[in-house]
Amino acid sequence: MSRSEDMPTVLVVDDAPANLNLLAGLLQADYRVKLAASGAKALDLVQRAAPDLVLLDVMMPEMDGYEVCRRLKADTATSAIPVLFLTAMTQTEDEARGFQVGAADFIQKPINPMVLQARVRTHLQVKAYQDQLRDRNAWLQDELGQRLQQVDLLRDATLHVMISFAEFRDEATGHHVRRTQEYVRTLAQHFFDQGQHLDVLNAASIDHIAKSAPLHDLGKVATPDHILLKPGRHTPEETVIMRQHAMAGWEMLRRAADRMAGDADFLHHAMDIARHHHEKWDGSGYPDGLVGEAIPLSARLMAVADVFDALISARPYKPPMHLDKALSIIRDGCGNHFDPAVVAALEACLPEFERIARTWADAEVPA
């Protein structure tokens, strides 16, 4: 790189050729100097290649220095360029107006060479420091973004491992966890699009709820194989043990959240879903017998999604149920088993539910 290319660039704007020649002579030993005899020409040069500093005459025909400065500061690409006004005007009001449009400094005419060179040097040093700080901040933002992306990937990987562990032990689930995940996402997005439950739902929470949905049966990893994998119906004693998976899943996730301290917000919905997806709207569910809206929204969504998928899916102890029959059972549970609003949302989203069922089918889903 040549010495001239390494020099800061100063754009001098003045409608008087004598002033342009004078300023070029004073500055060209230390800077790359560009000259413009009008405001319009100056703006054109700046758009082509932004200078490091602008020396700008105030009184010019057609477009004065105030307007040139205002336009430079209004453009994010040029707003950081320091503008030093050159003027013979000495009124306080003139300086105040200059600072209002974004000037960094005023240099009085006639020009004092030492003052000019000192002011230019000082403002270029300040700009260099600001550029370094801006570059450093941009680097830090990029680095932070990459670290946050890594954290998100680690979270997703952790969830995937836990989900895979649960699936590995339950041979009957097939694509159940993926289908219920997409059902829950669809229901949550429907409520959000309708402007409902906005105290809970936003883009981030919908994503967290959907990613957490596959963990609803995580606690089944603690269920003995002879009960979990039993092909027939459970005895009352086995049912009691089977139901313990809700609290077991919540406890596993709670311990994980405790170890993660303040970085465990993404597990909040997972804990709610694992513990409460078998609660019922009328309070007859388990493990806590919660009633109505005391049941977390994420768990109410999961309850409908889970039962709907179980009904239309084949299990060792039953064939898949016809869609119309499954919907009839869901409707019968409206207001006692299920939140009526969630049932209504399912019916509104039924075409999407059918698409999800077909996409992630274990076997042919009855039409």
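Per-chain numbering applies: the sequence of each chain, read as written, is numbered from 1 onward. Note on the predicted model: pLDDT of at least 70 is required for a residue's local features to be given, and 80 or more for side-chain atom pairs to be given and counted; whole-chain, interface and lining totals, by contrast, use all residues. To obtain the side-chain values, all non-hydrogen atoms of the structure were used and water was disregarded.

Now for the overall build of the protein. Within the protein one finds 16 helices and five strands. Relative accessibility under 20% of the residue-type maximum defines a buried residue, over 50% an exposed one, and the middle range a partly exposed one, all with a 1.4 Å probe and only protein chains included. Taking all 367 residues of the protein together, the buried fraction comes to 41%. Only heavy atoms matter for contacts: two residues are in contact if any of them lie within 4.5 Å across the pair. Relative to all contacts within the protein whose residues are 6 or more apart in sequence, the contacts with residues 24 or more apart total 61%. Only the protein chains shown count as cover for residues, and the accessible areas themselves come from Shrake-Rupley with a 1.4 Å probe. On the protein, roughly 19200 Å² of surface is accessible, and the fraction owed to carbon and sulfur atoms is 54%. Secondary structure elements are taken from DSSP: a helix is a run of H or I of four residues or more, a strand is a run of E of two residues or more, and numbering for both begins at the N terminus.

Both faces of the sheet carry side chains from a regular strand, because those side chains alternate between them. Counting buried positions along strand β4 (residues 83–87) gives five out of five residues, so the element sits mostly inside the fold. Judged by which residues are buried, β4 turns out to be covered on both faces: V83, F85 and T87 on one side and L84 and L86 on the other are all buried. One ladder, built from four bridges, connects strand β3 (residues 53–57) with β4; its direction is parallel. Paired with L55 across the bridge in β4 is L84. Seen with the strands pointing away from the viewer, any crossover whose path from the first strand over the helix to the second strand runs clockwise is right-handed. Handedness of the β3-helix α4 (residues 65–74)-β4 crossover: right-handed. Summarising the sheet, β4 and strand β5 (residues 105–108) pair through four bridges and their orientation is parallel. Residue pairing for β5: T87 is matched across the bridge by Q108. Whether two strands pair comes down to DSSP finding at least two bridges between them.

With that settled, consider the confidence of the model for the protein. Looking at the protein, the pLDDT average stands at 88 and 89% of residues meet or exceed 70. Mean pLDDT across the secondary structure elements of the protein bottoms out at helix α1 (residues 3–6), with 65, and peaks at helix α15 (residues 340–348), with 97. The predictor attaches a confidence to each residue, and that confidence, scored 0 to 100, is pLDDT.

Reading across from one edge, β2-β1-β3-β4-β5 is the order of the five strands in this open sheet, with parallel pairing throughout. Sheet topology places β2 (32–36) and β5 at the edges, where each strand pairs with a single neighbour. Each strand axis lies, on average, 20 degrees off the axis of its neighbour in the sheet, ignoring direction. Packed onto the sheet, helix α3 (residues 39–48) meets β1 (9–13) and β2 and runs at close to 160 degrees relative to β1. The axes used here are C-alpha line fits, helices contributing only the stretch in contact, and every angle between their N-to-C directions lies in the interval 0 to 180 degrees. Across the face of the sheet, α4 comes into contact with β3 and β4 while running at roughly 180 degrees to β4.

Bringing the nonpolar core into the picture now. In this description, a nonpolar core means a group of buried Ala, Val, Leu, Ile, Met, Phe, Trp, Tyr and Cys residues linked to one another through side-chain atoms lying within 4.5 Å. Ranked by size, the top nonpolar core spans 33 residues in total, and within it Y183, L301, F308, L346 and F353 carry the most contacts. Looking at this core, the elements that each hand over two or more residues are α7 (176–193), α8 (203–212), α13 (297–312), α14 (323–332), α15 and α16 (350–359). Ignoring sequence-local partners within four residues, the contact set of L301 consists of V184, L187, A188, F191 and V342. Counting residues in each nonpolar core, the second largest holds 22 residues, with M63, V68, C69 and F85 among its members.

For the pair α7 and α15, the least separation of the axes is 10 Å and the interaxial angle reads 100 degrees. Relative to α15, α7 is oriented roughly perpendicular. Residues L187, H190 and F191 of α7 pack against A341, V342, A345, L346 and A348 of α15. Residues were grouped as follows: Ala, Val, Leu, Ile, Met, Phe, Trp, Tyr, Cys and Pro as nonpolar; Asp, Glu, Lys and Arg as charged; and all remaining residues, including Gly, as polar. Its residues assigned to classes, the contact of α7 with α15 shows seven nonpolar, one polar and no charged. What sets the label is the angle itself: under 35 degrees gives roughly parallel, over 145 gives roughly antiparallel, 65 to 115 gives roughly perpendicular, and the rest give oblique.

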